[in-house]
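Coordinate analysis (summary)
Now for the letters of each chain:
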Amino acid sequence: MVIRKSLKLLMIFNFLIVFCARGQAYHKLLGNHQIWEQYQGDATVFCTLQSGQIIFEGNDTIIQGLKYKNLLGYHLYSNTSMCFTFPFFINDTVFNGAILREDTSQKKVFIYDKLNNTEFLLYDFSASDGDTLVNPFFENFQPSPFYFIVDSVRPINISSVGLRNCFYINIPGSSGQYFYIESIGGIDGIDQSGAEAIGEVKILQCVKDSSYNSIYGNCFCNVGIEENANSDISVSISPNPTHDFCTVNSKSDEIKNSIVFDIAGKVIKTQIEKKIDLTEFANGIYFIEINFKNEKRGYCKVIKE
């Protein structure tokens with residue numbers, strides 16, 4: 001009798017887990033102003049990683065009557081002479097990335113192929129265990145489709161975000177088990193399918209929210225953000241060098257926040273005032289990203305002595 005009751009409770013518990021995961025509201029991937037940090041490389045060479053990018057959402061665009069989201073990005077650069085490795089830095093030159101469309105009613109995300117003027121399925125967040133997904137998005141849109149088998153769909157608890165459905169897929173030849181996560185994207189990168197990781201190393205290192213708080217993975221980018229005359233808005237810091245406080249100088253007063261990074265790329269302070277207090281930090285070099293309410297940004301380097 002006790003065994004039957006225990007089994008019954010276990011069945012109810014499992015049902016509630018699945019029901020909660022399936023019954024929860026859909027968490028969209030696009031429109032959250034997230035930032036994706038991703039890398040590419042080759043596991044067969046000494047320096048595994050060879051390139052990396054910071055990807056973020058740009059403006060919307062209409063193609064054939066459908067609304068797409070432009071993804072933009074910054075290339076990551078390495079300060080080391082031998083390998084592409086930590087510490088990294090970015091410059092202010094923005095490149096155009098992928099063009100994605102999300103259908104929230106179907107719970108699917110599509111990627112637009114500019115060469116062939118069509119779109120292909122990138123993520124299916126409505127899939128279930130055992131489903132087959134046909135994805136031609138392989139080797140730069142070659143005509144031969146690639147078939148994904150969804151091994152399982154399980155909820156995972158992401159710290160500070162909550163429960164999200166995770167879709168596990170075994171792709172022969174790919175580097176490890178591929179999976180993609182609702183509202184986060186694919187483990188190989190926001191605009192990469194699992195098939196594209198065959199024989200290569202592609203990593204979605206982390207995802208940040210619109211305030212640059214890490215919400216998934218372990219971020220180690222933004223190291224040594226270089227000053228550049230091509231910033232969205234011209235900004236400066238004074239006094240520089242400083243002993244304690246410095247002030248952001250800009251023609252625009254609509255500052256959203258200022259983010260201070262140490263030389264290792266770690267966010268050590270975020271505030272909304274123009275005056276930045278560095279008294280609690282050791283002497284050295286710090287990088288400051290100034291975000292404005294019109295979504296533009298400026299970068300500065302400050303020396304504390």
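Only a predicted model underlies this, so the values are computations on that prediction, with no experimental measurement involved.

The subject of this paragraph is the packing of aromatic side chains. As enumerated under the stated definition, the model contains 11 aromatic pairs in all. Relative to Phe179, the ring of Tyr168 lies with its centre 5.6 Å away and its plane at 45°, an arrangement referred to as tilted. On the criterion of sequence distance, the pair formed by Tyr168 in strand S9 (residues 162–169) and Phe179 in strand S10 (residues 178–181) is long-range, its members being 11 residues apart. A residue is classified by how much of its surface remains accessible, and Tyr168, at 22% relative accessible area, is partly exposed. Directly above the ring of Tyr68 sits Arg101, whose terminal nitrogen or CZ lies 6.0 Å from the centroid.

Within the secondary structure, Lys202 is located in strand S12 (residues 201–208). In terms of polar contacts, Lys202 uses its side chain to reach the side chain of Gln192, at 3.3 Å.

Let us now look at the sheet that holds strand S15 (residues 245–250). Reading across the sheet, the 3 strands line up as S14-S15-S18 and stay open at both edges, with antiparallel pairing between neighbours. Edge positions in the open sheet fall to strand S14 (235–238) and strand S18 (275–277), since each of these has one partner strand only. Between one strand axis and the next, the sheet turns through 25° on average, direction left out of account. With 4 bridges joining them, S14 and S15 adopt antiparallel strand pairing. The partner of Ser236 across the bridge, within S15, is Asn249.

Turning our eyes to something else, we now look at the confidence of the model for the protein. Taken as a whole, the protein shows an average pLDDT of 78; of its residues, 76% reach a score of 70 or greater. Summarising per-element confidence for the protein, the mean pLDDT is lowest in helix H1 (residues 2–23) (43) and highest in strand S11 (residues 185–186) (94). A low-confidence stretch, residues 1–22 (pLDDT under 50), is modelled with 8 contacts involving residues beyond four sequence positions or located in other chains. Here residues 222–230 scores under 50 on pLDDT; set against residues more than four positions off or in separate chains, the count is 34 contacts.

Basis of the calculations
- Residues numbered from 1 in each chain as written.
- Predicted model: local features only at pLDDT ≥ 70, side-chain atom pairs only at ≥ 80, totals over all residues.
- Heavy atoms only, no water.
- Phe/Tyr/Trp six-rings, centres within 6.5 Å; stacked < 30°, edge-to-face > 60°.
- Helix = DSSP H or I, 4+ residues; strand = E, 2+ residues; numbered from the N terminus.
- Buried < 20%, exposed > 50% of the residue type's maximum accessible area, 1.4 Å probe, protein only.
- Lys NZ or Arg CZ within 6 Å of the ring centre and 35° of its normal.
- Polar contact = N/O pair within 3.5 Å; in protein donor to acceptor, adjacent residues only side chain to side chain.
- Pairing = 2+ DSSP bridges.
- Axes fitted to C-alpha atoms, helices over the stretch in contact; angles between N-to-C directions.
- pLDDT = per-residue confidence, 0-100.
- Contact = heavy atoms within 4.5 Å.

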